[in-house]
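# Understanding the architecture of this molecule
For reference, the chains in residue letters:
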Amino acid sequence: MLERPVKTESRKRSKALFLRHSERKPVSHSCWNRSMNATAPTLPAGYRLIVFDEIDSTNREAARLAQAGETGPVWVWANAQTKGQGRADHSWVSERGNLYATLMTGFSRARPTELGFAMALALYDAAARCLPDRANAPLALKWPNDLLVDGTKTAGILLETVGRRENDGVVLVAAGFGLNVTRKPAIAGCRLACLADFGAKAGVADALDYLAASVETWLTRWDNGRGFAAIRQSWLARAHGLGRPMTVRTGQRRQEGVFEDLAPDGALLLRLGNGRLKRILAGDIAIPDRNNGP
């Protein structure tokens, strides 16, 4: 769960499919465009939705909204992204047929690492609702912010601080979700999956519907950090590789050990070969497959 402030840029904004930026009104079901090939998602009360056919990045748009005075909670959803963002400045391939959505909202106690675990649990639950047969599509959460289906990456999350409310200091956060619903991008060296591989019939709008509801549920349980102990236990119950050997790469540094636990603040606790317990705050992890090796 990487936190980094967003540098907003002065540029011509992409045109929203149903909503101009200046209007700040919820999308009406009556104006849902047939080109989306889906029914409008139903969001929890108090949340608004801005929809784009194509945009540079839903997280970048959330940052622009915050810069313009928006405080949320608002979802930004696009059919496609031209400059999708992943963790650690990686790009996120964003072809049509998958979910690209960002929730921009405020928190009085900004704890992005904790918040990331709550968002990961919401993503897990949303994907579970899309899948018809969980027995043949086991889900797991890979530290820090990936969703795996049958051991293969299917979704990820990018958390960014995008602003602060002037009147009360509330921190504005953009939580961006990328979920492979019907397509899996072809990326050299990356093994990816999509929900349709496992029989999911749900569309992208359905996935957003489920995700928005799950996010509301887990944010309530997180309670601005007061409920993180329970969030931590819930995440550990769904963790990929707990108790198994792993390799952690941070830049050029590589460390090997056993994934022993999560610290109370969400850091990964790695038991090194010399017996020392190492706190990992950021990095990419690799866990050997039980049958096929790394």
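Residues numbered from 1 in each chain as written. Predicted model: local features only at pLDDT ≥ 70, side-chain atom pairs only at ≥ 80, totals over all residues. Heavy atoms only, no water.

A separate point is the overall build of the protein chain. Each helix and strand in the protein chain was counted, giving four helices and twelve strands. A buried classification covers 53% of the 294 residues belonging to the protein chain. Here the contacts in the protein chain between residues at least 6 apart in sequence split such that 63% fall between residues at least 24 apart. Summing over all exposed atoms, the protein chain offers an accessible surface of approximately 13900 Å²; the carbon and sulfur share of this is 46%. (Helix = DSSP H or I, 4+ residues; strand = E, 2+ residues; numbered from the N terminus. Buried < 20%, exposed > 50% of the residue type's maximum accessible area, 1.4 Å probe, protein only. Contact = heavy atoms within 4.5 Å. Areas by Shrake-Rupley, 256 points an atom, 1.4 Å probe, with all protein chains shown as cover.)

Given 3.6 residues per helical turn, the α-helix brings residues three or four places apart onto the same face. For helix H3 (residues 204-222), with 19 residues, the first-to-last C-alpha span of 26 Å sits near the 27 Å given by 1.5 Å per residue. Residues Val204, Ala205, Ala207, Leu208, Tyr210, Leu211, Ala212, Ser214, Val215, Trp218, Leu219 and Trp222 constitute the buried set of H3. Packed against the buried residues of H3 are strand E1 (48-55), strand E2 (74-81), strand E3 (99-107), helix H2 (112-130), strand E7 (171-179) and helix H4 (228-236). Aspartate 223 lies just past H3 and shows a positive phi near 55°. (Expected span 1.5 Å × (residues − 1).)

Attention shifts here to the environment of phenylalanine 198. By the secondary structure assignment, phenylalanine 198 is in the loop between E7 and H3. As a C-alpha pair, phenylalanine 198 and cysteine 130 span 68 residues in sequence and 9.8 Å in three-dimensional space. Contact partners of phenylalanine 198, with chain neighbours within four places excluded, come to Leu131, Pro132, Asn136, Ala137, Val149, Asp150 and Ala193.

It is worth spelling out the packing of aromatic side chains at this point. In total, this model carries four aromatic pairs according to the counting rule given. On the numbers, 5.4 Å between centres and 80° between planes, the contact of phenylalanine 107 with tryptophan 222 is edge-to-face. With phenylalanine 107 in strand E3 and tryptophan 222 in helix H3, this residue pair connects regions lying 115 residues apart in the sequence. Of the two residues examined, phenylalanine 107 and tryptophan 222, each falls in the buried class. (Phe/Tyr/Trp six-rings, centres within 6.5 Å; stacked < 30°, edge-to-face > 60°.)

To continue, consider the side chain of aspartate 56. With respect to the element layout, aspartate 56 can be found in the loop between E1 and helix H1 (58-67). A distance of 2.9 Å separates polar atoms of two side chains, one belonging to aspartate 56 and the other to arginine 64. (Polar contact = N/O pair within 3.5 Å; in protein donor to acceptor, adjacent residues only side chain to side chain.)

Let's shift gears to the sheet that holds strand E6 (residues 152-164). Spatial strand order, E1-E2-E3-E7-E6-E5-E4: seven strands in an open sheet with mixed pairing. What marks the edges here is a single partner per strand, and that holds for E1 and strand E4 (139-142). Strand-to-strand, the axes of this sheet are offset by a mean angle of 20°, without reference to chain direction. As defined by bridge partners, E4 adjoins strand E5 (residues 146-149) across four bridges and the pair is classed as antiparallel. Looking across to E5, one finds that lysine 142 is bridged to aspartate 146. Contacts from H2 reach E3, E4, E5, E6 and E7 within the one sheet, and its direction differs from that of E6 by about 140°. (Pairing = 2+ DSSP bridges. Axes fitted to C-alpha atoms, helices over the stretch in contact; angles between N-to-C directions.)

This paragraph deals with the packing of H2 against H3. Running from N to C, H2 and H3 cross one another at 140°; their axes reach a closest spacing of 8 Å. Classified by the interaxial angle, the pair formed by H2 and H3 is oblique. The way H2 lies across H3 gives a crossing that is right-handed. Here Glu114, Leu115, Ala118, Met119, Leu121, Ala122, Leu123, Asp125, Ala126, Arg129 and Cys130 of H2 come into contact with H3, specifically with Ala207, Tyr210, Leu211, Ser214, Val215, Trp218, Leu219 and Trp222. Looking at the contact of H2 with H3, its residues break down into 15 nonpolar, one polar and three charged. (Parallel < 35°, antiparallel > 145°, perpendicular 65-115°, else oblique. Left-handed = near helix turned anticlockwise from the far one by under 90°. Nonpolar A, V, L, I, M, F, W, Y, C, P; charged D, E, K, R; others polar.)

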